[in-house]
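Residue-level structure breakdown
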Amino acid sequence: MMKTTALIAALLSFAPMTHAAKCIAPPLGAATLYLRGGLNNWTAQDEQAFRFKCDAYYLNVDARGTQEFKIADEDWTPALTVGVDASDRIARGATVVGNLKRDFTGAHTLRLAFDPAGQPSLKVGPLSFVDPGNPPIKDAAALSTHFDSRAAASKSPFGAQPQGTEFTFRIGNDVPGLKRATLVIERRSMTGNQEQLDYQQVARIAMAPEPRGRGTGFTARHRFADVGVYGYWFEIETAQGKYALQNNKDSVYWTREKGSMGAATVERLPADAKRIRRYRQTVYAPGFQVPAWARDVVYYYVFPERFRNGDKTNDPRPGGGRPQDRYQDHDVERHASWNEKPFRPGTGDGSDALHNNDFFGGDLAGLTSKLDYIQGLGANAIYMTPVFRAPSNHKYDTADYKQIDPAFGSNADFERLCAEAAKRGIRVIPDTSLNHVGADSPYFNRFNNFPAGGAFDNGKINPASPYASWFKFKPQEPNPDKQFQGWAGVTDLPEIDKASPSFRAYAYRDKDSVTHYWLDRGAAGWRMDVAPWVPDDFWREWRQAVKAKRPDALTVAETWFDASKYFLGDMFDSTMNYIFRNAVLDYAAGKPAQQMAANLELMREAYPPQAFSALMNLLSTHDQPRALHHVGEQRDLALAKRRLRLAVFFQMTYPGAPTIYYGDEVGLGGGEDPFNRAPYPWADEGGQPDEALLADFKRLVKLRHGLPVLRHGTLQAPLQVDDHVIVLARQDGDTWAVTATNNSTEPRTVSVRLPFAARTLRDALGGEAVAVTGGRLQLTVPPLFGRVLVTP
């Protein structure tokens, strides 16, 4: 608290003590504040940057409905972060514990002011601020200079490439006046959940001029000698000044950096280099290999507690006296009916005040009993959220990494699940967090539910514990909640010191480490929770341990943003693809196809092809509203199911590993946690599964399995993108496929030029063949669905 107060005082010292006029100097000095919330995926976007004028910071916003947000700088500096305190009052600095909430009805002006003590105030009023912005550029030579990172004439080779590759860069324009051009190469450094992001200059290369009609072209070459993620941009100069030829302003879901790459934009050279939008170049290790089976996967994604109850004797129940019957120092809650809604404290549903302590009885026996169902759906891999002993229903608060939770069964049940799944050609990928454990665990033992020896026995620091080095404690703090670091501030999840040699040995170095233990018992790989909070060197060692134990094991990260840094060949094979999720669901919900295409094309360019083909392409997850909810189940259920079917069509025809979250296939909906974790609606439990929708899922999964070009084929740049229709081309050897989707409620007819020779194309879904005339294909795409056309 003392450090934060001192920093605030230092920042306020920028303001003069007295001022003749009412206007003052910016209280925060040169810092730039951004509105960061749900309307921009919590990223710092130029369009939501406050501008200081006279006595306050102003921002014009066009939004509707209740919005949650904070106001902060790019780095989430605590002293520059404005939110609400524990009393729901606007606050700044260390007292911020929650988000601001305001209602919007369209265009508004936000006014953020600070009193002499640094206390913030925020007003939302009618649109009133005149934003001076930047005057438009009128320099024809600068404006006509072009570069496209996906065009061979501008940059070659395309996309992510192995270490040692030399690239050629070309820019040019069609009018005279471009005097000089410099290619700027920088190395990107990003740690944590994008909190620390920086670029360090590697080279400034004077580009050689090339005659080009009336205009001028420039070219340069650069060999990337080291593995890493790089940034590049061009400094150009005309008689009217210097400009940055840089990445565009497209927002990328969940990603701090703006720009989807492709065609460049021109802006005046900023005084602050942080304002430059770099193109990004991934350079990966030449030996980077992803298991060959990964591109053929269709995942079935299970939250085990809510999938199927196969053994009612292990169900948690209040007062039962067994480990699964207690949640920390309280009894658990047990649902009376399988088809009840999950409990959410504060909603008047009759539950207690605790989160994540309500149980339905799902277990590994239930999952094993439904392997034939999963196989019949067409899935050939199961990803399941944690199953190791833990008090909560989600099990991310691990109590024992080497024991299956007794409510889920036994270690033998895990081995049985893997063995039975293997008989059906299904792999099993478990999940865990090596970033934090549960407060109610033998490692920490805050609630004294385990024998003495935890690092925080009964709420007191225990230096003699064999786990003491796993955590960082602050014994000088009088409040036990502040004597350790809870992940993301959650005291139920004590954060591990990942530098601890003892923990690293337990996690992956020892022969019987957690990593090895479950690979030995049938796991086909690992999904790792909250990967960005774990240091890179940890993941590098961990990957080596995984691959040494089982070379064909798949390593999947949980990241939500552009995951390029994890695909350099030294950390992960794949990630949970949240960019795909948001892009495809927004498209299915009716947003422009161009927006989806920009986000997907970014990944095609930024990710190594072997990782791109193995991405865990999500639609629903246990951390976000279900797909059906996203596309409008609460407004028009029948229409929402058609939109969901469109999203699944796109998912099954796109590169990567389609991932079906349990219940999506039968119309299970639900909004934010915990309602996105409702039980599967089994008919024999009184549920009402949508069998017609299930048949559609099966048909589309079968389509994918039946056409290797949809699983193995390389992806071309889109042949057509407009507001509603996107047409893609895939190539696998001599076989080509054209996929087209339409998010309009009306049929759409488009004409595209094909990148291959053909006379007719076969409709893979059984429709009539389509003729190709003069190298062009004209096709009608049905409403809220798509077509797949393949060469004979």
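**Concerning the overall build of the chain**
- Scanning the chain from terminus to terminus reveals 15 helices and 42 strands.
- Scaling as 2.2 N^0.38, a compact globule of 792 residues should have a C-alpha radius of gyration of about 28 Å, and the chain matches this with 28 Å.
- With the C-alpha coordinates aligned to their principal axes, the bounding extent of the chain is approximately 85 × 80 × 50 Å.
- Counting only residues that meet the buried cut, the chain has 57% of its 792 residues in that class.
- When the accessible area of the chain is evaluated, it comes to approximately 31,300 Å², of which 51% is carbon and sulfur surface.
- With 93 positive and 90 negative side-chain charges, the chain shows a spacing of 5 Å between the two charge centroids.

**Notes on the sheet that holds strand β19 (residues 299-302)**
- Judged by pairing direction, the sheet is parallel, and its nine strands sit side by side in the order β27-β24-β19-β33-β32-β31-β30-β29-β28 without closing on themselves. Strand pairing shows two members of the sheet lacking a second neighbour, β27 (427-429) and β28 (431-432), which therefore form its edges.
- Pairing geometry for strand β29 (residues 525-528) and strand β30 (residues 554-557), over four bridges, is parallel. Counted as the bridge partner of R527 is V556 from β30.
- The sheet strands contacting helix α9 (residues 578-588) are β31 (574-577) and β32 (616-617), and the helix crosses β31 at an angle near 30 degrees.

**So, the pattern of salt bridges**
- The final tally for this structure, using the stated rule, is 55 salt bridges.
- Note that K258 and E47 form a salt bridge whose closest N and O atoms lie 2.4 Å from each other. Remark: E47 occurs in the loop between β1 (34-37) and β2 (51-53) and K258 occurs in the loop between β16 (241-246) and β17 (265-268); sequence separation between them is 211 residues.
- What makes K258 buried here is its relative accessible area of 8%.

**Considerations on the packing of helix α13 (residues 637-652) against helix α14 (residues 691-706)**
- Packing of α13 against α14 brings their axes to within 9 Å, and their N-to-C directions diverge by 15 degrees. In terms of their interaxial angle, α13 and α14 are classed as roughly parallel. α13 and α14 meet at a crossing whose hand is right-handed. From α13, K641, L644, R645, V648, F649, Q651 and M652 reach across to α14, where they touch L693, D696, F697, L700, V701 and R704.
- Of the residues in the contact of α13 with α14, the class split is eight nonpolar, one polar and four charged.

**Some thoughts on the state of the cysteines**
- Counted under the stated rule, the structure contains one disulfide.
- The disulfide that involves C23 links it to C54, with 2.0 Å between the sulfurs. Taking the sign of the torsion about the S-S bond as the criterion, the disulfide between C23 and C54, at about -95 degrees, is left-handed. Taken as a pair, C23 in the loop between α1 (2-12) and β1 and C54 in the loop between β2 and β3 (56-72) lie far apart in primary sequence, 31 residues in all.

**A short note on the nonpolar core**
- Counting residues in each nonpolar core, the largest one holds 173 residues, and the members touching the most others are F234, Y299, Y300, M384, W539 and W542.
- Not counting chain neighbours up to four residues away, the residues in contact with Y299 comprise A379, A381, Y383, I429, L554, V556, M616, A657, P658, T659 and I660.
- Grouped together as the second largest cluster of nonpolar side chains are 19 residues, F50, Y57, F69 and F104 included.

**So, the sheet that holds strand β13 (residues 208-212)**
- Strand order in the open sheet formed by four strands is β8-β10-β14-β13, with antiparallel pairing between adjacent strands. Every other strand in the sheet has two partners, leaving β8 (155-156) and β13 as the edge strands with one partner each.
- As defined by bridge partners, β13 adjoins strand β14 (residues 215-223) across five bridges and the pair is classed as antiparallel. Residue pairing for β14: P211 is matched across the bridge by T216.

**Some words on the packing of aromatic side chains**
- In total, this model carries 64 aromatic pairs according to the counting rule given.
- Judged by centre distance (5.0 Å) and plane angle (70 degrees), the ring pair of F444 and F471 falls under edge-to-face. Residue F444 is found in the loop between β28 and α6 (501-509), and its partner F471 is found in the loop between β28 and α6; the two are separated by 27 residues along the sequence. Here F444 and F471 have matching classes, each one buried.
- The ring of W682 has R308 sitting right over it, with the charged end atom 5.3 Å from the ring centre.
- In this arrangement the basic side chain of R645 is found over the ring face of F785, its NZ or CZ atom lying 4.2 Å from the centre.

**Considerations on the packing of α6 against helix α8 (residues 536-549)**
- Taken N-terminus to C-terminus, the directions of α6 and α8 make an angle of 35 degrees; their axes are 10 Å apart at the nearest point. Seen from α6, the contacting residues are F503, R504, A507, Y508 and R509; seen from α8, they are D537, F538, E541, W542 and A545.
- Class assignment of the residues belonging to the contact of α6 with α8 gives a composition of six nonpolar, no polar and four charged.

**Regarding the side chain of T219**
- By the secondary structure assignment, T219 is in strand β14.
- Within polar-contact distance, the side chain of T219 engages the backbone oxygen of F169 at 3.3 Å.
- Dropping the residues within four chain positions of it, T219 is found in contact with T168, F169, R170, M207, A208 and E210.

**Considerations on unusual backbone geometry**
- A cis amide bond links S156 to the next residue, P157, at an omega of 0 degrees.
- With respect to the helices and strands, P157 occurs in the loop between β8 and β9 (161-162).
- Here the bond from D673 into P674 is cis, since omega is 15 degrees, no more than 30 degrees from zero.
- If you trace the backbone, P674 turns up in the loop between β33 (657-661) and α14.
- Of note, the phi angle at W254 is positive, near 65 degrees, even though the residue is not glycine.
- Within the secondary structure, W254 sits in the loop between β16 and β17.
- Residue classification places W254 among the buried residues on the basis of a relative accessible area of 14%.

**Focus on the pairing of β16**
- The sheet contact formed by strand β15 (residues 228-238) and β16 spans five bridges and is antiparallel. From the neighbouring strand, E237 faces β16, where its bridge partner is K242.
- The turn linking β15 back onto β16 is made up of two residues.
- By the bridge criterion, four bridges tie β16 to β17 in an arrangement that is antiparallel. Note on β17: the bridge partner recorded for Y243 is R268.

**Focus on the confidence of the model for the chain**
- Overall, the prediction assigns the chain a mean pLDDT of 95, with 97% of residues at 70 or greater.
- Here residues 1-21 is modelled with pLDDT under 50, and outside its nearest four sequence neighbours on either side it reaches 24 contacts, counting other chains as well.

Reading the values: rules and limits
- Residues numbered from 1 in each chain as written.
- Predicted model: local features only at pLDDT ≥ 70, side-chain atom pairs only at ≥ 80, totals over all residues.
- Heavy atoms only, no water.
- Helix = DSSP H or I, 4+ residues; strand = E, 2+ residues; numbered from the N terminus.
- Rg over C-alpha atoms; globule rule 2.2 N^0.38 Å.
- Buried < 20%, exposed > 50% of the residue type's maximum accessible area, 1.4 Å probe, protein only.
- Areas by Shrake-Rupley, 256 points an atom, 1.4 Å probe, with all protein chains shown as cover.
- Lys, Arg positive; Asp, Glu negative; His and termini not counted.
- Charge placed at Lys NZ, Arg CZ, Asp CG, Glu CD.
- Pairing = 2+ DSSP bridges.
- Contact = heavy atoms within 4.5 Å.
- Axes fitted to C-alpha atoms, helices over the stretch in contact; angles between N-to-C directions.
- Salt bridge = Lys/Arg side-chain N within 4 Å of Asp/Glu carboxyl O.
- Parallel < 35°, antiparallel > 145°, perpendicular 65-115°, else oblique.
- Left-handed = near helix turned anticlockwise from the far one by under 90°.
- Nonpolar A, V, L, I, M, F, W, Y, C, P; charged D, E, K, R; others polar.
- Disulfide = S-S within 2.5 Å.
- Core = buried A, V, L, I, M, F, W, Y, C linked by side-chain atoms within 4.5 Å.
- Phe/Tyr/Trp six-rings, centres within 6.5 Å; stacked < 30°, edge-to-face > 60°.
- Lys NZ or Arg CZ within 6 Å of the ring centre and 35° of its normal.
- Polar contact = N/O pair within 3.5 Å; in protein donor to acceptor, adjacent residues only side chain to side chain.
- pLDDT = per-residue confidence, 0-100.

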